[in-house]
Amino acid sequence: MIKITIVSTKGGVGKTTLTANLGGILADSGYRVLLIDADPQPTLSSYYPISSQADHGLKEFLINSSTTNTISQTNIENLDIIVSDDPDGKLRDWIRDAPDGRVRLKHILTFLEDKYDFVLIDTQGAVGPLQDAAVAAADFMLSPIPPEILSAREFVRGTVSMIKRLEPMARLGAPIGPLRGVIYRQDRTVDARLIAEELRKASFTPSKGAISILNTVIPNAVAYREAATQRIPVHRLEKNGNLSAKDTMVTLAKELIPNLPDL
Ligand SMILES: Nc1ncnc2c1ncn2[C@@H]1O[C@H](COP(=O)(O)OP(=O)(O)O)[C@@H](O)[C@H]1O
Ligand SMILES: [Mg+2]
């Protein structure tokens, strides 16, 4: 079971869209996928229609370590979800105060080892106990990066300081995994390769190699919004102009997950 947490130090960069679509393509390829909505603003929770709603969500899953009646099913085969049910942000306080708060999620996920091939955790664009817990649970992190040099530099600063702050988690048995940045919402006017090069140079040394930048670039395309409106994974849309969203998602999945069988 591979656990991937989608993070960024900012909101509105594409985390939820990326989580939903990566989950969608993996599930449609026959993998058993669990999405976890760890954002108190529950955007991912309603991204896809729910076909079988559990009574509870992330709060019960964490606080009572309960894997029964906390996992809902989406209308996409093989794609389950633990919804966010914490509009007041109470989970944040609970995680901060519980002795094992920040490692609880990592621990409970071991109960699901045989049930899923992938767990994708969507987070809020803000530092806090819930983000810490989501990061600690991951084998690696994935971050969408806006393709402008100022945002890219901010990404490096924010991400390096997040990784540094969480380094002591290794002493709690939760070493922080590496992070992969993906240039996200690129339009034709910017040269993604230049930004990627700059990011690689700016992040490698301060992160001691923990940050790497993917070769896959996700374009700014109406297809992503259209798919969100239709509540389907973007790869199920017909080809949009000459940019195929399916090709992009397949390329991304293959770059992220080595030895992935053909999609
Ligand atoms: N590749 C893309 N191209 C165009 N628009 C996108 C793309 N990805 C996401 N969006 C739009 O950007 C907005 C923010 O995306 P979202 O995934 O909710 O960000 P976050 O979860 O980081 O706050 C949404 O309106 C979404 O439809
Ligand atoms: Mg979001």
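Conventions and cut-offs
- Residues numbered from 1 in each chain as written.
- Chains lettered and ligands numbered in written order.
- Predicted model: local features only at pLDDT ≥ 70, side-chain atom pairs only at ≥ 80, totals over all residues.
- Pairing = 2+ DSSP bridges.
- Helix = DSSP H or I, 4+ residues; strand = E, 2+ residues; numbered from the N terminus.
- Right-handed = clockwise from strand over helix to strand, strands pointing away.
- Buried ≥ 20, exposed ≤ 12 C-beta atoms within 10 Å, placed from the backbone.
- Near = placed C-beta within 6 Å.
- Contact = placed C-beta atoms within 7 Å.
- Axes fitted to C-alpha atoms, helices over the stretch in contact; angles between N-to-C directions.
- Parallel < 35°, antiparallel > 145°, perpendicular 65-115°, else oblique.
- Nonpolar A, V, L, I, M, F, W, Y, C, P; charged D, E, K, R; others polar.

Novice: What is the right way to look at the pairing of strand E9 (residues 211-219) in this model?
Specialist: Residues in a regular strand project their side chains so that they alternate between the two faces of the sheet. As defined by bridge partners, strand E8 (residues 179-186) adjoins E9 across six bridges and the pair is classed as parallel. Opposite Ile183, over in E9, you have Val217 as the bridge partner. Remark: the E8/helix H7 (residues 192-204)/E9 crossover connection has right-handed handedness.

Novice: Sorry, what's going on with the pairing of strand E1 (residues 2-6) here?
Specialist: Burial runs high along E1: four of the five residues are buried. Note: E1 against strand E6 (residues 118-123), five bridges, orientation parallel. The residue bridging Thr5 from the neighbouring strand is Ile121, located in E6. Both E1 and strand E7 (residues 140-145) contribute to a ladder of three bridges, which runs parallel. Across the sheet, residue Thr5 finds its bridge partner in E7, namely Met141.

Novice: In this structure, what is going on with the site of ligand 1? I would like to understand it.
Specialist: As a matter of local geometry, ligand 1 sits amid 16 residues, with Gly14, Lys15, Thr16, Thr17 and Tyr224 nearest to it. Those elements that place two or more of their residues in the shell around ligand 1 are helix H1 (15-28) and helix H8 (222-230).

Novice: Even after reading the chapter, I still don't get helix H4 (residues 101-109), so can you show me in this structure?
Specialist: The α-helix winds at 3.6 residues per turn, so residues separated by three or four positions along the chain end up facing the same way. Within H4, burial applies to Gly101, Arg102, Arg104, Leu105, Lys106 and Leu109. On the buried face of H4, the contacting elements are E1, helix H2 (58-63), helix H3 (90-97), E6 and helix H5 (129-137).

Novice: Would you mind going over the environment of Thr248 with me for this structure?
Specialist: The topology assignment puts Thr248 in helix H9 (residues 245-256). For Thr248, a count of 21 C-beta atoms within 10 Å corresponds to the buried category. Here Thr248 is in contact with Ile218 and Pro219, once residues within four sequence places are set aside.

Novice: Please explain the packing of H3 against H5 as it appears in this structure.
Specialist: The axes of two packed helices give the description: the angle between them and the distance between them. At a minimum axis distance of 8 Å, the contact between H3 and H5 shows a crossing angle of 65°. Taken together, the axes of H3 and H5 lie roughly perpendicular to each other. Residues Leu91, Arg92, Ile95 and Arg96 of H3 form the contact with H5, whose participating residues are Pro129, Leu130 and Ala133. When its residues are assigned to classes, the contact of H3 with H5 shows five nonpolar, no polar and two charged.

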